[in-house]
Amino acid sequence: MSIKSDAELQGMKAASDAVAIVLAEMIKYAAPGMSTKELDIYGEKMLKKYGAISAPKKTYNFPGCTCISVNNEAAHGIPRKNVILKEGDLVNIDVSAVLKGYCGDNGSSFILGRDLNNLQPLVDASQDILMKTIKMLKPGTKLSTIGAFIEKAAKKKGYTTIKNLTGHGIGRQLHEAPHHIPCYNDRFNRKRIQKNAVIALETFISTGARYVDQQNDGWTFKTRDGSFVAQHEHTLVVTDKGSVILTKKNGIA
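Owing to the predicted nature of the structure, the values given are computational and were not obtained by experimental measurement. Each chain has its residues counted from 1, following the order in which its sequence is written. Per-residue local features of the predicted model are confined to residues with pLDDT of at least 70, and side-chain atom pairs are confined, for both listing and counting, to 80 or more; whole-chain, interface and lining totals are unaffected and use all residues. Calculation of side-chain values draws on the structure's entire complement of heavy atoms; hydrogens and water are dropped beforehand.

### Some words on the sheet that holds strand E10 (residues 212-214)
Then, in step 1: DSSP bridges decide pairing: two strands pair if at least two such bridges lie between them. Numbering of helices and strands runs from the N terminus, with a helix taken as a DSSP run of H or I at least four residues long and a strand as a DSSP run of E at least two residues long. The strand order across the open sheet built from three strands is E3-E11-E10, with neighbouring strands paired in antiparallel fashion. Only two strands of the sheet have a single partner each, and these edge strands are strand E3 (73-75) and E10. Averaged over all neighbouring strand pairs, the angle between strand axes comes to 40°, with direction disregarded.
Then, in step 2: As paired strands, E3 and strand E11 (residues 221-223) are joined by two bridges and run antiparallel to one another. Within the sheet, the bridge partner assigned to Ala-75 lies in E11 and is Phe-221. Lines fitted to C-alpha atoms define the axes, with helix axes restricted to the stretch in contact, and inter-axis angles between N-to-C directions lie between 0 and 180 degrees.

Structure (structure tokens):
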């Protein structure tokens, strides 16, 4: 989506506010001993409070309201009653929702309780790289340049990036053009960010993996080698004066 009016901007801000606030509340609510399904139910109640509905459920019939991935799961984890959160887990919550015809998308990885596996540096790297990438964006930036920037920053910190999970455009639909904003230098991708484009920029930073595999449930992506993956995501507008983060109300940025 390319913002063409103040009404469109305000619509995107409202949807993005909703997912950002719900993400922050879910992170605070998460606790050892809780199932990911219980956490998801809480998130759905919070979205309803703001008049929003789950975008993945509405668009793709996803079997949950939010995506909750744990440890070696990188994305699209299905909330389940038999997945019980434990102290030290690496948890990723991805909240995307529709509000009055506009979509917002926001994700964050975090350590639940004490950092028993020394994964906080991975989480910090993912968040730091996302924020630095946002600062370098401007209209006309090549998608390959974005991917190369993320990949180089991750390598400098001793990490890898996932090649088959990407950011994307967003607006009236959850996934819009550009459909693949990579976390690596895809030199064949010659597309550029357009002025006033709305995108969901994501980092997928790993302790060693380069690819993830979709599991038999048809949704969850998991690393092949047991590596961990941290993801952070913001919905933003790329303008001539810099990027405007629409999901900043999560308080994480």
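### Quick word on unusual backbone geometry
Then, in step 1: Note the cis peptide between Ala-177 and Pro-178, where omega equals -5°.
Then, in step 2: Counting through the fold element by element, Pro-178 comes out in strand E8 (residues 176-181).
Then, in step 3: Phi at His-76 is positive, roughly 60°, even though this residue is not glycine.
Then, in step 4: Its location among the elements puts His-76 in the loop between E3 and strand E4 (90-99).

So far we have only geometry, and geometry alone does not tell us how the molecule works.
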